[in-house]
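Spelled out, the chains give:
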Amino acid sequence: MRRKITLALLILACFLLQCSVFCFFEIASVVPNILLILTISFGFMQGKKEGLLVGFFSGLLIDLFYGIGSVLGVYALIYMYLGFFSGFFCKVYFDEDVKVPMVMIAGSDLIYNTAVYLFLFLLRGKLNYFAYLRSVVLPELVYTVLVTIVLYRIFYRINKYLVKKEARGKMALWLRNY
């Protein structure tokens, strides 16, 4: 229960940070994708199921506030798949090693922005992907990867604390004091 509440608060906090605080720190008219960092990090640390759930609820928040007109669930679907597929790399999870998550987040950001381009621009007849790549995708990718260096360590410590509390809760009652 503690994990669910913590993840819900983390998703909400990251959403608020992405939509409010980081808007003041725009670089090249882009902000880092904090919710993507959260989704990929927890999928990477905890597996497919948790990545899928964090991704779904992160994407659903974006859909509810910034969705595509009458279509609900596009961002939820994209984030959900990215969180699920990042869970496959849970087997190569190393403590505090930020290189693998950085590469995963960079690749996921590229896939995310390509999917957004497909759903938002290509279907409307805007065919210049390379202009979109140069002006939006690459600056956001670089900015998101740089923010990952700091945020991944925070998410790692939160996950470590939650795992420690879960393990302590599963211990026998008479062993908890030792």
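Higher on the page you've got the structure.
Peer 1: How do you make sense of the packing of aromatic side chains when you look at a structure like this?
Peer 2: Aromatic ring pairs are described here by two measures, namely the spacing of the ring centres and the angle between the planes. Applying the stated criterion to the full structure yields 14 aromatic pairs. Centroid distance F22 to F25: 6.4 Å. Interplanar angle 65°. Geometry classified as edge-to-face. Classification of F22 by relative accessible area gives buried; the value is 17%. Classification of F25 by relative accessible area gives partly exposed; the value is 48%.

Peer 1: Explain helix α2 (residues 34-46) to me, please; I cannot follow it from the model alone.
Peer 2: Given 3.6 residues per turn, any residue in an α-helix points the same way as the ones three and four places further on. Along its 13 residues, α2 runs 18 Å from first to last C-alpha, staying within 8% of the 18 Å computed at 1.5 Å per residue. The buried count for α2 comes to 12 of 13 residues, which makes it a mostly enclosed element. Here α2 has its buried residues at I34, L35, L36, I37, L38, T39, I40, S41, F42, G43, F44 and M45. On the buried face of α2, the contacting elements are α1 (2-21), α3 (48-66), α4 (74-86), α5 (99-121) and α6 (129-170). Looking one or two residues past α2, G47 carries a phi angle of roughly 115°, positive in sign.

Peer 1: Looking at this model, I keep getting lost on the environment of F44. Mind explaining?
Peer 2: Its location among the elements puts F44 in helix α2. With sequence-adjacent residues up to four places away left out, F44 is seen in contact with S86, F89, C90, V92, Y93, F94, V100, P101, M104 and Y152.

Peer 1: Got a minute to help me understand the nonpolar core in this structure?
Peer 2: One recurring pattern in soluble globular proteins is that nonpolar side chains are buried together. Membership of the largest hydrophobic core comes to 44 residues, with the highest contact counts inside it found for L38, F42, Y75 and F155. Secondary structure elements with two or more residues in this core: α1, α2, α3, α4, α5 and α6. Each residue touching F155, except ones within four places of it in the same chain, is listed here: L10, C14, I37, L38, S41, F42 and M45.

Conventions adopted
- Residues numbered from 1 in each chain as written.
- Predicted model: local features only at pLDDT ≥ 70, side-chain atom pairs only at ≥ 80, totals over all residues.
- Heavy atoms only, no water.
- Phe/Tyr/Trp six-rings, centres within 6.5 Å; stacked < 30°, edge-to-face > 60°.
- Buried < 20%, exposed > 50% of the residue type's maximum accessible area, 1.4 Å probe, protein only.
- Helix = DSSP H or I, 4+ residues; strand = E, 2+ residues; numbered from the N terminus.
- Expected span 1.5 Å × (residues − 1).
- Contact = heavy atoms within 4.5 Å.
- Core = buried A, V, L, I, M, F, W, Y, C linked by side-chain atoms within 4.5 Å.

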